[in-house]
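As a plain string of letters, each chain reads:
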Number of protein chains: 2
Amino acid sequence: MRSLAQNAELALLLEVTSTPKPGNVDRRHEYDDLRFEHFLAGAVGARPGLDVAADGGPVGRAFERSVEGMAEQKGGNTQFGALLLVTPLVATAASGALTPERASDVVSGTTVEDAAEFYRAFEHVDVAVDDPPEDLDALDVRRGSDAIPELEARDLTLADVMGLSADVDGVAAEWVDGFSRCFEAAAAIERRDGPVPDRAAHVFLELLADEVDTFVVTRNDRETAEEVTRRAQAVLDGEEDAADLADEFVERDVNPGTTADIIAAALFVALERGLQV
Amino acid sequence: MRSLAQNAELALLLEVTSTPKPGNVDRRHEYDDLRFEHFLAGAVGARPGLDVAADGGPVGRAFERSVEGMAEQKGGNTQFGALLLVTPLVATAASGALTPERASDVVSGTTVEDAAEFYRAFEHVDVAVDDPPEDLDALDVRRGSDAIPELEARDLTLADVMGLSADVDGVAAEWVDGFSRCFEAAAAIERRDGPVPDRAAHVFLELLADEVDTFVVTRNDRETAEEVTRRAQAVLDGEEDAADLADEFVERDVNPGTTADIIAAALFVALERGLQV
């Protein structure tokens, strides 16, 4: 039987394999400087950090270690957001039942030191983020460990930090909402038939049609993110072709990465619940 | 820095990603019952066995454990041959320099118990093999652990067992020949430019054009294996298209798996020598 960390790693691999996921790197789509194999190396590299979470270590350290290992490839940021979702879910499963309630407990249990590790993780890789509001400038994640004194002065845990950006970041929103979309997507993947990557690609479109992808809002703009949502719905309605849309979004550099992160987390949950590959 | 076991796992993943490798499962080609995701799960599942080799454990046990984990997916045999090459190479790197000479020393150091573990590995998964010559019927690998008393009676080490089939099995031939094609293919991958999967796919064709693939001889016949060799050369000569040939071989169920096994081992050697992904 695969271990928690093995299922987490396999979830990352299955996510990037699932195709077409319009705009994402997948087994049939990539960018010149962000390629499929970078995600393979990212998933393998993340393993020591995933092991920390599986062994009951602090979530912040598990995340920082996983990002450090993930970053050891030439593509840059491959799975930062996915690991930010998967790591607490591994920690949840390591300590008991993998449920939204227990995942919320893991979030509530995070500390200021977890927050510090989260900031250190930004030193390993460039991550596209919004400018923070002016009063939070001292907590800009791009400051990396330089922001730690401010975290300590304000006594902010990792849960608090996530709460600060939950309205503009779909990954942070999962932290404050019991990973609800991750668990719902897991159930949707489990309900479908056929090869796992095909199921995940379909559920990706459902998520994309359901809510704007905050990574697209950040890297492109809200108008583009809303277009992405409409066109994902058009694919589900049979009005557009998913493969054509994937080609177009890659061409335009429109990469709904937050939705991919949620699919990775959902695949982990589904594998833990017994999904067979 | 990735560990030995991480590089071994990544090598398995990069092998199956590299495309087109005519007849193999790769990121763009698969069989209905043997799919890309089965190889992902196989690589992740093999990890505990690879860890045994990396930690200096016996090669036979490392192999048996890696196959046991590999088999935990619905596709059946994905990386049996690749693991039979990668496991001793991990053991070699774990104990010193990764050279053909030292790999031969690791082979020479195998025991009857290693041979017994090799036979046990056949109980985890169905592997396509030739019927043995009549005088070796008691050592048919398909007997699994039932053959162990015979191994013990004849005092056969794993190196001895490999020697018995080196003339009909390209993986066993590597064991008796210092993994020469693995090391040569590693050097060829290192010499090329561009994305690692593209390099590996090219070197795959070079290997395929150079020698008949014994897995094709076993599963199809020698005539087909010789055709594969000729047509791989035709691709290298610009007379055939690799992608078209890949489609045709998958359609005909002609899968040069031994050559893929050597590419996986070569990728491991190249990663250990510093190949960047």
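Residues numbered from 1 in each chain as written. Chains lettered and ligands numbered in written order. Predicted model: local features only at pLDDT ≥ 70, side-chain atom pairs only at ≥ 80, totals over all residues. Heavy atoms only, no water.

Within an unreviewed UniProt entry, the label attached to chain A reads Triphosphoribosyl-dephospho-CoA synthase, and the organism entered is Halomicrobium zhouii.

Peer 1: Hey, could you go over the overall build of chain A for me, with residue numbers and the actual values?
Peer 2: Counting its regular elements, chain A contains 16 helices and zero strands. Summarising its shape, the C-alpha atoms of chain A cover approximately 55 × 45 × 35 Å along the three principal directions. Relative to its 277 residues, chain A shows a buried fraction of 60%. Put simply, of all contacts in chain A between residues at least 6 apart along the chain, 68% involve residues at least 24 apart. If you sum the accessible surface of chain A, you get close to 10400 Å²; carbon and sulfur atoms cover 43% of it. (Helix = DSSP H or I, 4+ residues; strand = E, 2+ residues; numbered from the N terminus. Buried < 20%, exposed > 50% of the residue type's maximum accessible area, 1.4 Å probe, protein only. Contact = heavy atoms within 4.5 Å. Areas by Shrake-Rupley, 256 points an atom, 1.4 Å probe, with all protein chains shown as cover.)

Peer 1: A description of helix 7 (residues 112-121) of chain B should follow, citing residues and the corresponding values.
Peer 2: Residues and elements named next belong to chain B. By the criterion of burial, helix 7 is predominantly enclosed, with eight of the 10 residues buried. Among the residues of helix 7, those classed as buried are Val112, Asp114, Ala115, Ala116, Glu117, Phe118, Tyr119 and Ala121. Those residues of helix 7 that are buried are in contact with helix 4 (59-70), helix 5 (80-95), helix 8 (148-154) and helix 9 (158-165). Between the side-chain oxygen of the N-cap and the backbone nitrogen of Glu113 there are 3.2 Å, and the N-cap of helix 7 in question is Thr111. (Polar contact = N/O pair within 3.5 Å; in protein donor to acceptor, adjacent residues only side chain to side chain.)

Peer 1: Please give an account of the relation of the copies chain B and chain A that cites residues and values.
Peer 2: Least-squares fitting of chain B to chain A yields an RMSD of 0.0 Å, with the superposition described by an axial translation of 0.0 Å and a rotation of 180 degrees. Put plainly, the chains are arranged around a two-fold axis. When each C-alpha of chain B is compared by its distance to the rotation axis, B:Arg27 comes out closest, at 2.9 Å. Here 100% of the contact residues of chain B are again contact residues in chain A; the copies associate through an equivalent surface. (Least-squares fit on C-alpha atoms with pLDDT ≥ 70 in both.)

Peer 1: Can you explain the side chain of A:Thr224? Please cite residues and give values.
Peer 2: One can find A:Thr224 in helix 14 (residues 222-236). Excluding residues within four positions of it along the chain, A:Thr224 makes contact with A:Val216, A:Arg252 and A:Val254.

Peer 1: Give a detailed account of the environment of B:Asn24, specifying residues and quantitative values.
Peer 2: Residue and element names in this part refer to chain B. Note that Asn24 resides in the loop between helix 1 (4-17) and helix 2 (36-45). Taking the C-alpha atoms as reference points, Asn24 and Asp131, separated by 107 residues in sequence, lie 24 Å from one another. If sequence neighbours within four positions are ignored, Asn24 has contacts with Glu15, His29, Phe204, Val250, Asn255, Pro256, Gly257 and Ala260. A distance of 3.3 Å separates the side chain of Asn24 from the backbone oxygen of Pro256, its partner in a polar contact.

Peer 1: I'd love a proper account of the packing of helix 1 (residues 4-17) of chain A against helix 16 (residues 257-272) of chain A, names of residues and values included.
Peer 2: For any two helices packed against each other, the geometry comes down to the angle between their axes and how far apart the axes lie. All names here are of chain A. Interhelical geometry of helix 1 versus helix 16 gives an angle of 135 degrees and a closest axis separation of 8 Å. Here helix 1 is positioned oblique relative to helix 16, judged by the angle of their axes. Handedness of the crossing formed by helix 1 with helix 16: right-handed. Here Leu4, Asn7, Ala8, Leu10, Ala11, Leu12, Leu14 and Glu15 of helix 1 come into contact with helix 16, specifically with Ala260, Ile263, Ala264, Leu267, Phe268, Leu271 and Glu272. Taken together, the residues of the contact of helix 1 with helix 16 sort by class into 12 nonpolar, one polar and two charged. (Axes fitted to C-alpha atoms, helices over the stretch in contact; angles between N-to-C directions. Parallel < 35°, antiparallel > 145°, perpendicular 65-115°, else oblique. Left-handed = near helix turned anticlockwise from the far one by under 90°. Nonpolar A, V, L, I, M, F, W, Y, C, P; charged D, E, K, R; others polar.)

Peer 1: Just give me the short version of the nonpolar core, but keep the residues and values in it.
Peer 2: Formed by 205 residues in total, the largest nonpolar core has its most connected members in A:Phe118 and B:Phe118. Those residues in contact with A:Phe118, other than ones at most four positions away along the chain, are A:Phe63, A:Phe80, A:Leu84, A:Val141, A:Leu158, A:Val161 and A:Met162. (Core = buried A, V, L, I, M, F, W, Y, C linked by side-chain atoms within 4.5 Å.)

Peer 1: Tell me about the interface of chain B and chain A, and please be specific about residues and values.
Peer 2: Between chain B and chain A, the contact holds 31 residues from the first and 31 residues from the second. Contact with chain A buries surface across chain B, with B:Arg27, B:Val44 and B:Val277 losing the most and accounting together for 23% of the total. Taken together, chain B and chain A are joined by two salt bridges. Taking the shortest distance from any N to any O, the salt bridge between A:Arg27 and B:Glu30 comes out at 3.4 Å. Contributing elements (two or more residues each) for the side of chain B that touches chain A: helix 1, helix 2, helix 3 (47-54) and helix 12 (196-210) of chain B. Considering each element in turn, the side of chain B that touches chain A owes the most residues, seven residues, to helix 2 of chain B. When grouped by side-chain class, the residues that make up the side of chain B that touches chain A number 13 nonpolar, six polar and 12 charged. (Buried area = accessible area lost by both parts, 1.4 Å probe. Salt bridge = Lys/Arg side-chain N within 4 Å of Asp/Glu carboxyl O.)

Peer 1: Tell me about helix 15 (residues 242-252) of chain A, and name the residues and values.
Peer 2: Residue and element names in this part refer to chain A. If you check which residues of helix 15 are buried, you get Ala242, Leu245, Ala246, Phe249 and Val250. Taken down its axis, helix 15 places every buried residue within 130 degrees of arc, on the same side. Away from the buried face of helix 15 by more than 90 degrees, exposed residues Asp244 and Glu251 are located. For helix 15, the secondary structure elements touched by its buried residues are helix 12 (196-210) and helix 14. Between the side-chain oxygen of the N-cap and the backbone nitrogen of Ala243 there are 3.2 Å, and the N-cap of helix 15 in question is Asp241. A positive phi of about 60 degrees marks Asp253, the residue just after helix 15. (Arc of directions from axis to C-beta.)

Peer 1: Give a detailed account of the pattern of salt bridges, specifying residues and quantitative values.
Peer 2: Opposite charge on two side chains permits pairing when their charged atoms draw close. Residue and element names in this part refer to chain B. Tallying each qualifying case throughout the model produces 42 salt bridges over all chains. Across the pair Asp131 and Arg142 runs a salt bridge whose closest N-O atoms are separated by 2.6 Å. Here Arg142 lies in the loop between helix 7 and helix 8 and Asp131 lies in the loop between helix 7 and helix 8, a separation of 11 residues in the sequence. Overall, Asp131 belongs to the exposed group, its relative accessible area being 62%.

Peer 1: I'd like a rundown of the environment of B:Thr258, residues and numbers included.
Peer 2: Residue and element names in this part refer to chain B. Position of Thr258 relative to the elements: it lies in helix 16 (residues 257-272). As for Thr258 and Thr214, which are separated by 44 residues in sequence, their C-alpha atoms are 6.4 Å apart. Leave out the neighbours within four places in its chain, and Thr258 touches Gly170, Val171, Asp213, Thr214 and Phe215. Among the polar contacts listed, one links the side chain of Thr258 to the backbone nitrogen of Phe215, at a separation of 3.3 Å.

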